[in-house]
Amino acid sequence: MNDLRLFERAQAVDETKISAKGVNVHYGAAHALKDVSVEIGDRRVTAFIGPSGCGKSTFLRCLNRMNDTIPSARVTGRIELDGQDIYDPRVDPVQLRAKVGMVFQKPNPFPKSIYENVAYGPRIHGLARSRADMDAIVEKALRRAALWNEAKDRLNAPGTGLSGGQQQRLCIARAVATEPEVLLMDEPCSALDPIATAQVEELIDELRQNYSVVIVTHSMQQAARVSQRTAFFHLGHLVEYGETGQIFTNPRDPRTESYISGRIG
Ligand SMILES: Nc1ncnc2c1ncn2[C@@H]1O[C@H](COP(=O)(O)OP(=O)(O)OP(=O)(O)O)[C@@H](O)[C@H]1O
C-alpha cells in the first residue's frame, strides 16, 4: 500500500459516524440523560461504562430510536448519522434500525429456525431476489458471526435449541444480515460463559473492520480489551470521553478515577 492510500485509510478511520449534541431523555418527570454530546467514530469500538442506572442503555437506545417504543420516554437534542438528523420526521425508524442494528443483553432468537432467524431482516428489507441470494446472505452473516461451522448442518433446527453463546452469535448474525453501518450492543456478554465471551469479543474486533460498534458493558476489563474509545457516564451525565487507554490509565475527572478504581459503582 502506498503512502497516500495509508493516509486515506487513516483519515477514514477517524471519520465521525454518529454525532450527538445536547441530548436529554426524560421518562415521565424523571430526567435520565442530561445534555449528552459525543462524536462516535466509524470503524472503531466505543464502550459506554458507568454505574448501574447512569443512563448508558438509555443513550444507546437513542442512537437507533429504540426509545420511541417506550411511551414515557421523551428525547430532545440532535443526533446525526453521517450528518443526517435521525429524529427528522421523514426518517423511517424501521429503515434506521436496519442501518443501526442492535444486540441485546439476553440472547433473544425468534422461535424459528436458525436460517429464518437470519433471513428475517433481509426478507423484510427486500435484500434477496432469489432463494440462492438469500442462502448466500444467511451463510455470509453466520460466517461473520463465527457460527457457520456449528450451524451449517442444522440450519432448519430451531434457533432456541442452540447454547447460550451460540444464540448470542445467532443474534449477532441476525443483526449483521441487513448490512448495518453501526452495531449497538447492550451488555452482549452478560449471559455468557468466559469461552463464549471470548468468542464474542473476538468477533467485535473483527466487526470493527466494517462497522462502527458501540458496546455497553459493566466489565471494565472488557471495555479495555475491545474498545478504542470509552465514555464514562454518571448520574445521567457523560462525565468523560476519550481514548480507552487514557480513560483507564490517566482519567481527568475524579469521578472517572473513583469508578475505575472501584470506589463508586
Ligand atoms: N423504561 C423506563 N421507564 C422509566 N425509567 C427508566 C426506563 N428505563 C430506564 N429508566 C431509568 O433511567 C435511568 C437510566 O437507566 P439506564 O437503564 O439507561 O441505565 P444503565 O446505565 O444502562 O443501567 P444498568 O447498567 O443497570 O443497565 C435509571 O434511573 C432508570 O431507572
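Values in this document were obtained by computation on a predicted structure and should not be read as measured data.

S.K.: Is there a simple way to explain the site of the ligand in this structure?
M.R.: Around the ligand lies a shell of 13 residues, among which Tyr 27, Ala 32, Ser 52, Ser 57 and Thr 58 are the nearest. With three residues, the top contributor of residues to the shell around the ligand is helix α2 (residues 56-62).

S.K.: What am I meant to see in the sheet that holds strand β2 (residues 30-41) here?
M.R.: What links the strands of a sheet is backbone hydrogen bonding, and the strands pair in either a parallel or an antiparallel sense. Strand order in the open sheet formed by four strands is β2-β1-β4-β5, with antiparallel pairing between adjacent strands. Bordering the open sheet on either side are β2 and β5 (84-85), each of which pairs with just one other strand.

S.K.: Hey, could you run me through the packing of helix α4 (residues 114-124) against helix α5 (residues 131-144) in this one?
M.R.: Packed helix pairs are characterised by how far apart their axes lie and by the angle those axes make with each other. At their nearest, the axes of α4 and α5 sit 9 Å apart, and the two run at 110° to each other. The orientation of α4 relative to α5 falls into the category roughly perpendicular. The two elements α4 and α5 cross, and the hand of that crossing is right-handed. Taken together, the residues of α5 that come into contact with α4 (itself represented by Tyr 115, Val 118, Ala 119 and Pro 122) are Met 134, Ile 137, Val 138, Ala 141 and Leu 142. Class assignment of the residues belonging to the contact of α4 with α5 gives a composition of nine nonpolar, no polar and no charged.

S.K.: Whenever I open this one, the confidence of the model for the protein confuses me. Can you help?
M.R.: The predicted model of the protein has a mean per-residue pLDDT of 92, with 94% of residues at 70 or higher. Note that residues 6-12 has pLDDT below 50 and, in this model, two contacts with residues that lie over four places away or in other chains. Reported for the predicted complex are a pTM of 0.91 and an ipTM of 0.97.

S.K.: Would you take a moment to explain the sheet that holds strand β9 (residues 229-234) for this structure?
M.R.: Strand order across the open sheet formed by six strands is β6-β7-β8-β3-β9-β10, with mixed pairing between neighbours. The sheet terminates laterally at β6 (100-103) and β10 (237-243), the two strands that pair on one side only. Ignoring which end each strand starts from, the neighbouring axes of this sheet average 15° apart. Of the strand pairs in this sheet, strand β3 (residues 45-49) and strand β8 (residues 212-216) are connected by four bridges, and their pairing is parallel. Looking at the pairing, Ala 47 lines up with Ile 215 of β8. Helix α7 (residues 164-176) rests against β6 and β7 (182-186) of the sheet, and its axis sits at about 170° to β6.

S.K.: Hey, could you run me through the pairing of β10 in this one?
M.R.: In summary, the side chains of a regular strand alternate between the two faces of the sheet. As judged from the six bridges shared by β9 and β10, these two strands associate in the antiparallel manner. The partner of Phe 232 across the bridge, within β10, is Glu 240. Two successive antiparallel strands, β9 and β10, enclose a turn made up of two residues, where Leu 235 displays a positive phi of approximately 50°.

S.K.: Even after reading the chapter, I still don't get the nonpolar core, so can you show me in this structure?
M.R.: Generally speaking, nonpolar side chains in soluble globular proteins are found buried as a group. Within the largest apolar cluster, 65 residues are counted, with the highest numbers of intra-cluster contacts made by Ala 173 and Val 214. Here this core takes six residues from α7, the largest share from any one element.

S.K.: Explain α5 here, please?
M.R.: Residues separated by three or four positions in an α-helix point in the same direction, a consequence of the helix having 3.6 residues per turn. Relative to the 20 Å expected for 14 residues at 1.5 Å per residue, α5 spans 20 Å between its end C-alpha atoms, a close match to the ideal helical length. Turning to α5, its buried residues are Ile 137, Val 138, Ala 141 and Leu 142. Relative to the axis of α5, the buried residues are bounded by an arc of 125° and lie together on one face. Residues of α5 that are exposed and angled more than 90 degrees away from the buried face: Ala 132, Asp 133 and Ala 136. The secondary structure elements touched by the buried residues of α5 are α4, α6 (148-151) and α7. One or two positions beyond α5, positive phi appears at Ala 146, with a value near 55°.

Parameters at a glance
- Residues numbered from 1 in each chain as written.
- Predicted model: local features only at pLDDT ≥ 70, side-chain atom pairs only at ≥ 80, totals over all residues.
- Near = placed C-beta within 6 Å.
- Helix = DSSP H or I, 4+ residues; strand = E, 2+ residues; numbered from the N terminus.
- Pairing = 2+ DSSP bridges.
- Axes fitted to C-alpha atoms, helices over the stretch in contact; angles between N-to-C directions.
- Parallel < 35°, antiparallel > 145°, perpendicular 65-115°, else oblique.
- Left-handed = near helix turned anticlockwise from the far one by under 90°.
- Contact = placed C-beta atoms within 7 Å.
- Nonpolar A, V, L, I, M, F, W, Y, C, P; charged D, E, K, R; others polar.
- pLDDT = per-residue confidence, 0-100.
- Core = buried A, V, L, I, M, F, W, Y, C linked by C-beta atoms within 7 Å.
- Buried ≥ 20, exposed ≤ 12 C-beta atoms within 10 Å, placed from the backbone.
- Expected span 1.5 Å × (residues − 1).
- Arc of directions from axis to C-beta.

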